[in-house]
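Analysis of the macromolecular model
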Amino acid sequence: MCCDLKRRFLLLYATQKGQAKAIAEEICVQAGARGFEADMHCISEMDKYNLEGEKDPVVIVISTTGTGDPPDTARKFVKKIQDKNLPPDHFAHLQYGLLGLGDSEYTLFCNGGKTVDRRLQELGAQHFCDTGLADDCVGLELVVDPWIDGLWLALKKVFLLQKEKEGMSNDVSAVSSTLSAAACVGHELNLSSEIQNLKLEDEGDASSDVSSRKPVDINLLASSRDTEPSLVHSVPPISQAALNIPVLPPEYIEVQFQDTHGENPHPSILISEGTTFEVPVTKAVQLTREDAIKTALLLELDIANTAFDYQPGDAFCVICPNSVSEVEELLHILGLSERGECFVCVKVKEGTKKKGASRPQHIPERSTLKFILTWCLEIRAIPKKAFLRALVEYTSNAGEKRRLQELCSRQGNSDYTRFIRESNVCLLDLLHAFPSCKPSLNLLIEHLPKLQARFYSVSSSNLYQPGKLSFVFNVVEFPACPTRPVSRKGVCTGWLAELVAPLLHPNKNTLNTKEGSPPTEEISIFARPNNTFHLPSDPSVPFVMVGPGTGIAPFIGFLQHRQKLREEHTDWHFGETWLFFGCRHHDRDYLFKDELRCFLENGTLTHLKVCFSRDSSTAEGASPKYVQDVLRLYAKEVARVLLKDSGYFYVCGDKKHMADGVSDAVVDILSMEMEVDKLEAMKMLAMLRETKRYLQDVWS
């Protein structure tokens, strides 16, 4: 390739939590090492690029958020290209490649990317490489890494064709040879075993660390004689392999300690999604017995003196900090325990090679180090491969350095998935496992993502309880294991449980409170309205609710609202209501048992069907264990509500272990009652989803 040939491409990313941006940055780094020029922009920066006049190839990396929406940063872009007045050849000049990020735990997998891809095709744009759809459920890197490898081959093809078209090439055989090599990218990129085995085009390419290609001295590896791999050591063949490891990301952040004093900003300034509200927690109830497998808590917030508004079915976000003890532990390992309260200034390093480098927006210009680690950075995040690659440079022990190289390498994909992703390993776990690794502060700020607010479904009705908002959650537990030396609680649920302990146990820790009453704690929240998961606008329409465990939360709000409407409008006709609820034990974790009995007795709830997965049955025959099993017992009634009465069907709860089973049950019910095959039943379910009569509020 002649060095004077222009090899620029436009690189756009649309991100919600930072993953798409990080991948775009990796593409940008690799592009420079391979002799390409990536002109990178957030897709929202429409003043900095112009697709209508773009002549060079375009690469788009886009994530998916919510139940299948493009990320917030792509909203304006999507609205613009969905203009129905645009002609079908609007983008006929455009050549592009698209990498979508998603999670197959959710129904509309990679729908953000698919939406943009489909619309660009409708407007005449052409693929120069196949669309990649990466699945965070199994590991984005399984598709991302080979897709990026294929991208360079496809780009070379584009530029060679440009060169040929412009009459710049006399070596026809060289072009034919390159076109033949580029043909290997013309196949599906979704978790293909062939794609996963792609090797870098040039073994001497700068995109791989040269040191990783030297023969491996296995005596450097800890426990190399062990037959089973672990987080800290490996076995052949990977322990003896030459490795393809990511490009070392350029450092771009500088952290300066200051002698000044002052106050930290309020954590709410870090939120860009909308107005935040400081609200007191006025009530806390443990809904499960002490011997239940999971601890479920109900918290009530006082929103009477705020402008916060919601509908039953909405969700809201809680701004939460990292664990105080984990922050202290991290400071200790980094040797910065004495400097936690020091103010620091975070800015872009002069002369950085990172293109478009800027101070992360979730890092204040000035705050204490402890504030940044507590409120700004997700220290529990599962480290990405780029982070592992950067940590290699801060690791002094040769065996530990090699193992980190393996974990971030192409050859170490399965080890990374097993010992990092599936084990929920975080930075602290890594620093314990690799004690010679001493990363810098700037590295943590560059690689740890923003600490995200946690969202919860509302479990109350403002009509039923004016000025109150309730929500329910399980206190998440991460038990100790070989890759995690200590047990941990969920970042937000653990913090909330500790915060409301005085309300749960009012006779403890009340020495300094007025008249012995527990203190009133406040939390910061902001709205996350749900545009679809609401009661039918017509109260006469019947509906079915399926919500095992804490999935029952929004349906308590539904029923409270329904009861109040029935009291206020005695002349209205109300359709029947069904609730399918499941838990483990009748006497340990039957949430809202008394409230459900009252709803049933006063007619707000027409049918209540409950199952218990861990209680032994004394009746003849096995009782149904799960909600999907109970649904099948009432197939005719469920089919009548959906087909004859044009009713609604709501599902809330765990996606992987429940929601998919419920949708399978509904397909079986529709197939049986409509007397059609499963394909037709699946089409009917798809129609119900499209018309917003089959609605899900699920999590993984």
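Residues numbered from 1 in each chain as written. Predicted model: local features only at pLDDT ≥ 70, side-chain atom pairs only at ≥ 80, totals over all residues. Heavy atoms only, no water.

Which entries qualify depends on this criterion: UniProt positions are given in the numbering used here, feature names are shortened, and annotations may be inferred rather than shown by experiment.
As annotated in an unreviewed UniProt entry, the chain carries the name Methionine synthase reductase and comes from Anas zonorhyncha. Quoted verbatim from the Catalytic activity (unreviewed entry) heading of the UniProt record, the comment on the chain is "2 cob(II)alamin + A + 2 H2O + 2 H(+) = 2 aquacob(III)alamin + AH2".

1. Digging into the nonpolar core
Soluble globular proteins tend to bury their nonpolar side chains together. The cut-off we apply is this: By nonpolar core is meant a set of buried Ala, Val, Leu, Ile, Met, Phe, Trp, Tyr and Cys residues that side-chain atoms within 4.5 Å join together. Burial status follows relative accessibility: with a 1.4 Å probe on protein chains alone, a residue under 20% of its type maximum counts as buried, one over 50% as exposed, and anything between as partly exposed. Helix and strand assignments follow DSSP, with helices taken as H or I runs no shorter than four residues and strands as E runs no shorter than two, numbered in order from the N terminus. Note on definitions: a residue-residue contact is assigned when non-hydrogen atoms from the two residues lie within 4.5 Å.
Among the nonpolar cores identified, the biggest contains 48 residues, and L231, L330, L377, L388, L391 and L430 are the most heavily contacted of them. Where this core is concerned, the elements lending two or more residues are α7 (324–333), β11 (343–348), α8 (369–376), α9 (385–392), α10 (398–408), α11 (413–421), α12 (427–433) and α13 (441–447). Beyond its immediate sequence surroundings of up to four residues, L330 is in contact with L373, I379, L427, L428, L431 and L444. Core analysis: the next-biggest nonpolar cluster, separate from the first, contains 31 residues, C28, A38, L140 and F159 among them.

2. Observations concerning empty space enclosed by the protein
Put simply, the test is: Here the term cavity refers to a set of points on a 1 Å grid, laid over the protein atoms alone, in which a 1.4 Å probe fits but cannot get out; the term pocket refers to an open set having protein on both sides within 12 Å along at least five of seven lines, with lining residues being those that place an atom within 4 Å of a point. Grid points are joined across faces, edges and corners, and a volume is the space filled by probe spheres set on the points. Each residue gets one of three labels, nonpolar for Ala, Val, Leu, Ile, Met, Phe, Trp, Tyr, Cys and Pro, charged for Asp, Glu, Lys and Arg, and polar for the others, Gly among them.
Taken as a whole, this structure holds 2 cavities of 30 Å³ or more when the rule is applied. Taken as a whole, the largest cavity holds about 80 Å³ of empty space. Of the residues belonging to the lining of the largest cavity, the class tally is 9 nonpolar, 1 polar and 1 charged.

3. Description of the packing of aromatic side chains
Let me state the cut-off plainly: Ring geometry is summarised as follows: Phe, Tyr and Trp rings, the Trp one being its six-membered ring, pair when their centres sit within 6.5 Å, and such pairs are stacked at plane angles under 30 degrees, edge-to-face over 60 and tilted between the two. Note on geometry: a ring has a charge over it if NZ (lysine) or CZ (arginine) is within 6 Å of the ring centre and within 35 degrees of the ring normal.
Counted according to the given criterion, the structure contains 25 aromatic pairs. Pairing F581 with Y590 gives two aromatic rings, centres 5.6 Å apart and planes at 25°, and the pair type is stacked. Y590 carries the same exposure label as F581, and that label is buried. When the ring centre of Y252 is taken as origin, the NZ or CZ atom of K354, which lies over that ring, is 4.8 Å away. Here K385 stacks its cationic end above the ring of Y416, 5.5 Å away from the centre of that ring.

4. Here's the deal with the pairing of strand β21 (residues 648–654)
Worth spelling out the cut-off: We treat two strands as partners when DSSP finds at least two bridges between them.
Among the 7 residues that make up β21, 5 are buried, leaving the element largely enclosed by the rest of the structure. As paired strands, strand β18 (residues 543–546) and β21 are joined by 4 bridges and run parallel to one another. Paired with V546 across the bridge in β21 is V651. Note: β21 against strand β22 (residues 694–699), 6 bridges, orientation parallel. Across the sheet, residue G653 finds its bridge partner in β22, namely V698.

5. Notes on the packing of helix α19 (residues 635–644) against helix α20 (residues 655–674)
Heads up, the condition is: Only the contacting stretch of a helix is used when fitting its axis, a line to C-alpha atoms as for every element, and angles between N-to-C directions run 0 to 180 degrees. In these notes the angle categories are as follows: under 35 degrees is roughly parallel, over 145 is roughly antiparallel, 65 to 115 is roughly perpendicular, and the rest is oblique.
Running from N to C, α19 and α20 cross one another at 85°; their axes reach a closest spacing of 9 Å. With respect to their mutual orientation, α19 and α20 come out roughly perpendicular. Side by side, α19 and α20 meet where A635, K636, V638, A639, L642 and L643 of the first sit next to V666, I669, L670, M672, E673 and M674 of the second. Of the residues assigned to the contact of α19 with α20, the class counts are 10 nonpolar, no polar and 2 charged.

6. Remarks on the pairing of strand β19 (residues 577–583)
Basically, it comes down to this: A clockwise course of the path from the first strand over the helix to the second, judged with the strands pointing away from the viewer, identifies a crossover as right-handed.
For β19, the tally of buried residues reaches 7 of 7 residues, placing the bulk of the element in the interior. The side-chain alternation of β19 yields two buried faces, one formed by T577, L579, F581 and C583 and the other by W578, F580 and G582. The pairing of β18 with β19 spans 4 bridges and is parallel. Looking at the pairing, F543 lines up with T577 of β19. For the handedness criterion, the β-α-β arrangement of β18, helix α16 (residues 553–568) and β19 is classed as right-handed. Judged from the 6 bridges that link them, β19 and strand β20 (residues 607–612) form a sheet pairing that is parallel. In the strand pairing of β20, W578 is matched with H607.

7. Concerning the side chain of T15
Cut-off, in case you're wondering: Pairs of N or O atoms within 3.5 Å make up the polar contacts considered here, provided that, within protein, one atom can donate a hydrogen while the other can accept it, and that residues adjacent in sequence are counted only when both atoms are side-chain atoms.
Looking at the element boundaries, T15 is found in the loop between β1 (8–14) and α1 (19–33). Only 2.8 Å separates the side chain of T15 from the backbone nitrogen of G18, close enough to count as a polar contact. Leaving out residues up to four positions away in the same chain, T15 has contacts with A20, K21, S63, P71 and T73.

8. Considering the sheet that holds strand β7 (residues 253–258)
Spatially, 3 strands are ordered β7-β11-β12 in an open sheet, and the strand pairing comes out antiparallel. Edge strands, defined here as strands with exactly one partner in the open sheet, are β7 and β12 (366–368). Here the strands of the sheet are splayed against their neighbours by 35° on average, with no regard to which way each runs. Both β7 and β11 contribute to a ladder of 6 bridges, which runs antiparallel. For F257, the partnering residue across the bridge sits in β11 and is V344. Against the sheet, α8 touches β7, β11 and β12, its axis set at about 90° to β12.

9. A word on helix α4 (residues 141–165)
The condition is simple: Expected helix span is taken as 1.5 Å per residue step, with the number of steps being one fewer than the number of residues.
For α4, spanning 25 residues, the distance from its first C-alpha to its last is 35 Å, which sits close to the expected 36 Å at 1.5 Å a residue. Of all 25 residues in α4, 20 are buried; the element is thus mostly enclosed.

10. With respect to the environment of S540
By the secondary structure assignment, S540 is in the loop between β17 (521–528) and β18. It is 9.4 Å that separates the C-alpha atoms of S540 and G647, two residues lying 107 residues apart in sequence. Residues within four places of S540 in sequence aside, it is in contact with H573, F574 and G575.

11. A look at the sheet that holds strand β9 (residues 296–302)
One open sheet accounts for 6 strands, arranged β13-β10-β17-β8-β9-β14; its pairing is antiparallel. Whereas interior strands pair on both sides, the edge strands pair on one side only; in this sheet they are β13 (454–457) and β14 (468–474). Neighbour-to-neighbour, the strand axes of this sheet turn through a mean angle of 40°, independent of strand direction. As paired strands, strand β10 (residues 315–319) and β17 are joined by 5 bridges and run antiparallel to one another. Looking across to β17, one finds that F316 is bridged to A527.

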